[in-house]
Structure formats: structure tokens, C-alpha cells
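# Structural overview
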Amino acid sequence: MEQERYLSASPHVSDGESIPKIMYGVVLALLPAAVGAVYFFGLKALWIILIASAAAIGSEAAVQAALHKRITIADGSALVTGILVAFNVPASVPLWMPALGAIFGIVVGKHAFGGLGYNPMNPALLGRAFLLASWPTHMTVFTAAPRGGSLSGIEPATISALGLDAVTQATPLKLLKGAREVLANSAVADPAKYADYAKAVNALYDSYGNLFWGKVGGCIGETSAFLLLVGALFLLYKRYIGWKIPFAYLGTVALLSWIFAGTDGLFSGKPLFHLLSGGVMLGAFYMATDMVTSPVTFRGRLLFGAGCGVITMIIRLIGGYPEGVCYSILLMNLTVPLLDRSTRPRILGEKK
Amino acid sequence: MRILQHRTFSGGVHPPQNKLTARLPIEDIVPPPMVVIPLQQHLGAPAEPVCQVGDMVKIGDKIGEAKGFVSVPCHASVSGTVKAVEPRLHPLGGKVLSVVIENDGKGEVSPSLVPDDGYLERSPDELRSRIREAGLAGMGGAAFPTHVKLSPPANKPIDTLIINGAECEPYLTSDHRLMLEHPREILAGVQVIVKILGCKRCFIAIEDNKPDAIETMRRAVAEGGYPYQVLPFRAKYPQGAEKQLIKAATGREVPRGGLPMDVGCLVHNVGTAKAIYEAVALRKPLVERVVTVTGAGVRSPKNLRVPLGTPFAHLFAQCGGLSEDAGKIIMGGPMMGIAQFSDEVPVIKGTSGVVVLSKAESKVPAPHPCIGCARCVDACPMKLVPTHIQTLVRHERFGMAKTYGLLDCIECGCCGFVCPAGIPFVHLMKYGKMKVYQLERAAGAKSA
Ligand code: SF4
Ligand code: SF4
């Protein structure tokens, strides 16, 4: 028969998943939190997201054109990086910063290593780390309060009723960090300040609702646990992320914060507070789960998540920064080859 | 007795089943005007021709003699004249010495086919030699000579026989139809195997997407008063793979590099069981088999009883021809089958089906680098890390790839099925294995 036939190795069918499908699935999952960012922080947040995305896509196209490689901006991976960089900056930054972070992430974090699939570290986090190291004030001073809320997440009415204005001009994690320092040294502390902090900590622990819905200060995409969870459920349902890394990460954070993060000695911590504040939700579901930079084995993924949790809590509790999600994931990214190698599953029929 | 759950293994995938022909009874094909019978249709040494151009042959006449222990003879599948003994295209690739017979249409049967009602009285050795003489090779696809599988060494007694009716490949329904239409012959064959091995239990394994087959086989077992157990297994690919089936049925794991007999098990396909019955009771050699001809590219898919050596083109002609849209011809199922570039290749002993995919289904996307999504790791039924093995093979680090389990890969294709980057795993695995064997042979030659 003179008809051309397709030839290829088996299997001859596939489940229809592709890299673009997965990447745009992640974009879709990030959408609720993006809408939330614009709602809470205004149009500035929209600009940050658009500029970071454009910078990521544009710089990927530029690098690939310069290297005479196939231009792959349509696969959606650069867009994901752009959005994540945007999510990781405060609303108060000048607009060139998210652009620069995205470009750094794409050029240095991704293409310097050979592009998608070869980068050892999460490009978006590398972009954020670059910004944090270069312009720490812009990155750590939060001035934009969310619509209808306060920076610390405590109800504005409560703040004025208790007269706490002086200590609540900070994000919850920063407030808690300050409080722990004062409360741990009750002997030397100024009694008025001591009383204020004690009240503030109680008020913080009463404001879980605001943390959950996102009425709190912080980077624009990290504040609403609720909106992030909506997207995460979608990703879990589509199996674009697995349960192991988020579960191990959040579980470790909860455990360690219960044991060590309280203001009344061991086992006085409030796990829910640490889970809902800062960037843990964003990190655990959207950044630690980055396929390229996380292990592929079952035990490897559990250890990876647990490692992220441990480092996050070390930084939060004894490190110099109030938040440690970004560095914890970047550091664990570097352990991936080792984790994968040492957790190879037992082959069927291999001796136990 | 405890209610049996539907057993399974871990890993695996759920490809769309597409069992288009599950309800179509097996039809006898109009015999082709010409058959091409390759002298190698089994694993092991090829048979040697024992006929000449111009010879008249009848159905069941021996035309190729086995050479060595791991080899089986071949028989004429139609009556007529030998037209050529020459290399012809083979569905497993390349050209293989084949006997071409022109069909005289008379359908005359060799006088050597004399039924033996007392076959159950015969000794195991006699039964084995009848099976070998009938040219039996596993009909599930791998085509290992059946008598060799039935000759375990004395230090490896078999206590469990598993009859494989899982048929986990999408599209294929030939085993399913056999179980519905010939349950008694299958069980008679099982009885022979049990007698040869003297094993104490026998499971008949069927996926739970074929409740009618489970029902039919259960009834036949009860009617015949056999002590065999029909076990439903969860419908999941590759449930019918030997090691996965053994693990699911008995909990035993075939050791790395070992054989089922190392854990006292033996697996035979339902089609082979039926052929065993015919070989010992009817003295009928393996000259025909059931082939599912199906897929979007076939106008009217069918289950056909086909003389071995029938060219694929004749199968298609009997199924209303191929549609305009036919894109890829596969011998076997879509997960493990082999794409063909010609429709001249013949049906062989291991041809359980011919699947023709549409053009749209046939296109393979260009591969991307691995993005580390771990889907292949979760899918691998051998618990390998396929992405690491493929990377090692690409970097020509074959020794390391072997440590990571390259040789344990059963080429089931689950990893390729789920990979969003479109990595051609099975191709790389086959290439890597070939390289490992080559290197080991070279090393062996040097040290010898
Ligand atoms: S083809 Fe090999 S590596 Fe891939 S899933 Fe099957 S056994 Fe595992
Ligand atoms: S499924 Fe493909 S992309 Fe995913 S880890 Fe395996 S090889 Fe990589």
C-alpha cells in the first residue's frame, strides 16, 4: 500500500497531559489569589503582576533569541515565574523591582542553567532572593494595609480600643518576633511596652479569621490563605501537585511552632497562626511543589517538605528575618539531587 | 471464606479502554489466498525449513523443525503449494526466513491430527513433547516456547499456576471472547498444565471490567468440578504483566533478574491454555489464533479466527478495509504493541490484535526535557525511577542505569503514557538494555 504510516516506539497512546497544560493549570490556580491581591492592595497590585509577567516572558524570549534557541514562551512556564515573583513583593515597592526580579529569575535562575527542566533552584524565588538581598528595605518594610484591614491583621477597632497603634504597624510575623523578644525578657522590659505586647499577642491570636481571608499586610500574593487553598485544591485535584510536599511542609511548621514558637515556654505555640501568616501557604503549595526543583521519589518529597518546614521555622524563630519561606525552599532545592539519590524506591523484587 | 477483594499491584495507569469489539463473537475469517509463515515466531532459535518450493502441504503439516530445546516447530496453516522459502517482512522488525504457501482453498487437514481421548492418562513427558510438537509458544505476546516454561528444574517446584485472562491492554478482546466462548477448552488445558506440574493451586485471573467472563469461567469451573479459583483483579494497566500478576495474586515478588519459578509460580495465558488442550487431546498444532482487528482506522472492527501467516492486509479487507483516516498500524495493543510500516506482515503466534489508530491519534509530540513532575515515578509498576534511568541512558552511563534498574524495566510504557514532556522512554530503555548486553558480552569476551 502506497500510504504513509506513522511509526514510533510504544506506547502509542498518552493521557494527554503536556507541559503547557500543566503550566496554564498553575496559572489558573494562581488566579483567585491574584484577584484577591488586586482587591486588597488596589490597582498597584495589578500593575506589579502585569509588569513582572511581561518582564519574565520578554526576557525569556530575548535570551532564547540571543542564543538561537527555540522560543518557548508559549509553554506558560515563564508566565508562572512572573506571577510568582509578583506575588512575593510588597505592594509598596517601586514598579521596576518586580520587573528586575522576574528578569533575574528567568535569565540567571533558569536560562543560565539551560532552561526549563535544568534549573536547580526555583527561578521566582531566586528573583525574590535577589531583590531581598539588594533592596532589603523595599522588600521588608510593609506600609500598605489591605482594604478593610490592618497590617498586623488585627481588627482596626481592636487596635484603637486597646491603644496599640504603636506596636501594630507591622505584619503579624514581625509583630510576634518583636513580642517574643520583649516578653522573654520581662525583667528588663519597659512595663508599658510589655503590657502592650502581651495584649497585642492575644489580639493576634484572636485574628485568625483575618489571616485566613487575607485582611493582613504582606507580599501581595501571600496574604489570603483561603484563595491560595482554592487554587491548591484545584491543582491537587488535577494532580499537577502532589500532597506529599505541602503536607510535610505544613505539618512540620505546625509541629515546630506548637513546640517552640509560644511566648509561654515549650508547647505553648499556636500552630494555626504560623500556618496562616506570612508566605507558608504560597510556598508550600506553589513554590516548594515546583516540579523541576523538587524530588521525584516518595520519601524524597516527604523529606524535602519537612526540610523546608524546619528551615522556615529556624529562620522565623531565631534568624534575622521574620519570614524564612523563600530561603528555606531555595536551600532545600539544592539538596534535591542528594535526596533523590538516597531515597530511590525499592525495586519490585529487590531484596529488602 | 473471606470475600475476595479485587486484587491489584501498586503503580500502573488507566488508559482509556476502547474495547470496541468486546460484544462481537469470534468470526472465522475467509482464508487468505496466500500465507507467509515466518520460521521464527517464538523466543529462542528459529525453526529450520523442512519443505521445498513446490511441495504440497495440508493444514497441520510440519514445515519448520525446531532447532534446540528453546525452539518450536512451525506448521502449515492452509492446504496448498509451497511457493517460496525466503526472507520476508516480520512484524517484530526486519526480514525473517518464511514459508509462503498458496492456498488451494480445499482446507485439507493433515492425517497426523488424530484425537486422543485418553490424553489425561499420558505421562507429563509425553504431554510436554506433544505440546512442543504442536509448536506452542505463549500467546499473550512474549511468545516464549510453552514446553520450556512447563519444564521447571527439580529444585524449583511450582506450587501456584496463574492463568492470565487479565487482558489489560486497551482495545484487545481476543482473550475476553475466548473465555466467553471456549471456557471448557481453556479449563481442559489448565487441567493438563496442572497435571504436568503437579501444582497444588490454580488461579484464573480476570480484570473486573469483564464481569461476564468472570461469571462464565466461574460457572464452567463449577460445572467441571475443578478445584480452581477464578479471581477478579482491579482493571488497571499492566495488571496482566507476569510480575504484577504474581504479586497481586500471591503477594510474592519475583526477585530482580529472576523468573516466576523462583517464587514457585507459573503464568500462562488463556489462549495458550486452550491451545494446550488442542495440542494434547486433538493433536492439533498451533495453526490459527484469535486476533482482534480494531481501532478508529478500521471500518468494522472484529474478533477473527485467523490462520497463522495471514497478511495484515487480508485482515483489513475482511473488516471493511481501512478508513481514509488510518494513521498507524500496531501489532498488539497500543501500550506495548509495535508500529508497522507495511500491511504485508503476517499474523504470528503472539499476534493478539492489530490496532489501527487514526491520524490524529498517531501523532507524537516532539519531546521536551524532563520537568521532574514525577508522574513516571508514580506510574512505574516496577517501582523504578524512569526519569533517572532515561537520563543515564542518554548520557551513556549504562552501568549506572543498570544499578538504577534498567534491566528490571518490563517496557510496559506506563511512564511514557503519563509523561507530559513526551520522553520516548521505551525506546531509550530498549536501547539502553541492548547496550548493557553488548558491553557485558564484550567484557565477558575479554576476560575469557
Ligand atoms: S516501561 Fe519500564 S520504566 Fe517505564 S513504567 Fe514500565 S517498567 Fe517502569
Ligand atoms: S513524567 Fe516525564 S517530565 Fe515527568 S518526571 Fe517523568 S520524565 Fe520527567
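Residues numbered from 1 in each chain as written. Chains lettered and ligands numbered in written order. Predicted model: local features only at pLDDT ≥ 70, side-chain atom pairs only at ≥ 80, totals over all residues. Heavy atoms only, no water.

## What about the overall build of chain B?
Of the regular secondary structure elements, chain B holds 14 helices and 17 strands. In terms of C-alpha radius of gyration, chain B reaches 22 Å, essentially the compact-globule figure of 22 Å for 448 residues. Overall, the C-alpha framework of chain B stretches about 60 × 55 × 55 Å when taken along its three principal axes. Sorting the 448 residues of chain B into buried and exposed places 59% on the buried side. In chain B, the proportion of contacts linking residues at least 24 apart, taken out of those at least 6 apart, comes to 74%. When the accessible area of chain B is evaluated, it comes to approximately 17400 Å², of which 55% is carbon and sulfur surface. Computed over 52 positive and 42 negative side-chain charges, the separation of the two mean positions in chain B equals 6 Å. (Helix = DSSP H or I, 4+ residues; strand = E, 2+ residues; numbered from the N terminus. Rg over C-alpha atoms; globule rule 2.2 N^0.38 Å. Buried < 20%, exposed > 50% of the residue type's maximum accessible area, 1.4 Å probe, protein only. Contact = heavy atoms within 4.5 Å. Areas by Shrake-Rupley, 256 points an atom, 1.4 Å probe, with all protein chains shown as cover. Lys, Arg positive; Asp, Glu negative; His and termini not counted. Charge placed at Lys NZ, Arg CZ, Asp CG, Glu CD.)

## Quick word on the sheet that holds strand 3 (residues 48-49) of chain B
Residue and element names in this part refer to chain B. In spatial order, the strands read 3-5-6; together these three strands make up an open sheet with antiparallel pairing. Lying at the two open borders of the sheet, with one neighbouring strand each, are strand 3 and strand 6 (74-75). Examined bridge by bridge, strand 3 and strand 5 (residues 62-65) share two bridges and lie antiparallel to one another. Note that in strand 5 the partner of Glu 48 across the bridge is Glu 65. (Pairing = 2+ DSSP bridges.)

## So, the packing of helix 3 (residues 174-181) of chain B against helix 5 (residues 211-224) of chain B
Packed helices, taken two at a time, are described by the angle between their axes plus the distance between the axes. Residue and element names in this part refer to chain B. Relative orientation of the contacting elements helix 3 and helix 5 amounts to 35 degrees, with a least axis distance of 8 Å. Seen along the crossing, helix 3 lies across helix 5 with a hand that is left-handed. Contact with helix 3, carried on its side by His 176, Met 179 and Leu 180, involves Asp 212, Ala 213, Thr 216 and Met 217 of helix 5 and no other residues of that element. When grouped by side-chain class, the residues that make up the contact of helix 3 with helix 5 number four nonpolar, two polar and one charged. (Axes fitted to C-alpha atoms, helices over the stretch in contact; angles between N-to-C directions. Left-handed = near helix turned anticlockwise from the far one by under 90°. Nonpolar A, V, L, I, M, F, W, Y, C, P; charged D, E, K, R; others polar.)

## Observations concerning the site of ligand 2
The environment of ligand 2 is formed by Cys 370, Ile 371, Gly 372, Cys 373, Ala 374, Cys 376, Thr 387, Cys 419, Pro 420, Ala 421, Ile 423 and Phe 425 of chain B. Its residues assigned to classes, the shell around ligand 2 comprises ten nonpolar, two polar and no charged. (Near = heavy atom within 4 Å.)

## Considerations on the pairing of strand 11 (residues 229-233) of chain B
Among the five residues of strand 11 of chain B, four are classified as buried, and the element is accordingly described as predominantly covered. Once the chain exits strand 10 (residues 201-207) of chain B it traverses helix 5 of chain B before rejoining the sheet at strand 11 of chain B, and the crossover so formed is right-handed. (Right-handed = clockwise from strand over helix to strand, strands pointing away.)

## Some words on the interface of chain B and chain A
In this assembly, 60 residues from chain B lie in contact with 37 residues from chain A. Summing the contributions of chain B and of chain A, the shared interface buries around 4100 Å²; its carbon and sulfur component is 61%. Put simply, chain B and chain A have four salt bridges between them. As a salt-bridge pair, Arg 256 of chain B and Glu 350 of chain A come within 3.7 Å of each other at their nearest N and O atoms. At five residues, the largest contribution of residues to the side of chain B that touches chain A is made by strand 15 (residues 326-331) of chain B. Partitioning the side of chain B that touches chain A into residue classes produces 31 nonpolar, 15 polar and 14 charged. (Buried area = accessible area lost by both parts, 1.4 Å probe. Salt bridge = Lys/Arg side-chain N within 4 Å of Asp/Glu carboxyl O.)

## Things to note about the pattern of salt bridges
Taken as a whole and assessed by the stated rule, the structure comprises 31 salt bridges over all chains. The salt bridge involving Arg 375 of chain B is made with Asp 15 of chain A; its shortest N-O contact spans 2.8 Å. Residue Arg 375 of chain B is found in helix 10 (residues 375-379), and its partner Asp 15 of chain A is found in the segment before helix 1 (19-41); the two belong to separate chains. Overall, Asp 15 of chain A belongs to the partly exposed group, its relative accessible area being 29%. Linking Glu 102 of chain B and Lys 83 of chain B is a salt bridge whose minimum nitrogen-to-oxygen distance equals 3.8 Å. Of this pair, Glu 102 of chain B sits in strand 8 (residues 95-103) while Lys 83 of chain B sits in strand 7 (residues 80-89); the two residues are 19 residues apart in sequence, bridging distant segments of the chain.

## Quick look at the packing of aromatic side chains
Evaluated as defined, the whole model comprises 16 aromatic pairs over all chains. Ring geometry for Phe 104 of chain A versus Phe 130 of chain A: centroids 4.0 Å apart, planes at 0 degrees, classification stacked. Taken together, the residues span a long stretch of sequence, with Phe 104 of chain A in helix 4 (residues 96-110) and Phe 130 of chain A in helix 5 (residues 123-134) at a distance of 26 residues. On the basis of relative accessibility, which here comes to 23%, the residue Phe 104 of chain A falls in the partly exposed class. With relative accessibility at 22%, the residue Phe 130 of chain A sits in the partly exposed group. Consider the rings of Trp 258 of chain A and Phe 267 of chain A, whose centres lie 4.9 Å apart with planes at 65 degrees: the pair is edge-to-face. Grouped by ring-pair contacts, the aromatic residues Trp 96, Phe 104, Phe 130 and Trp 135 of chain A constitute a single cluster. In this arrangement the basic side chain of Arg 7 of chain B is found over the ring face of Phe 203 of chain B, its NZ or CZ atom lying 5.9 Å from the centre. (Phe/Tyr/Trp six-rings, centres within 6.5 Å; stacked < 30°, edge-to-face > 60°. Lys NZ or Arg CZ within 6 Å of the ring centre and 35° of its normal.)

## Considering unusual backbone geometry
Note that the residue after Ser 10 of chain A, namely Pro 11 of chain A, is joined by a cis bond; omega there is -5 degrees. The phi dihedral of Lys 383 of chain B is positive, around 65 degrees, even though this residue is not glycine. For Lys 383 of chain B, the location among the structural elements is in the loop between helix 10 and helix 11 (386-394). On the basis of relative accessibility, which here comes to 26%, the residue Lys 383 of chain B falls in the partly exposed class.

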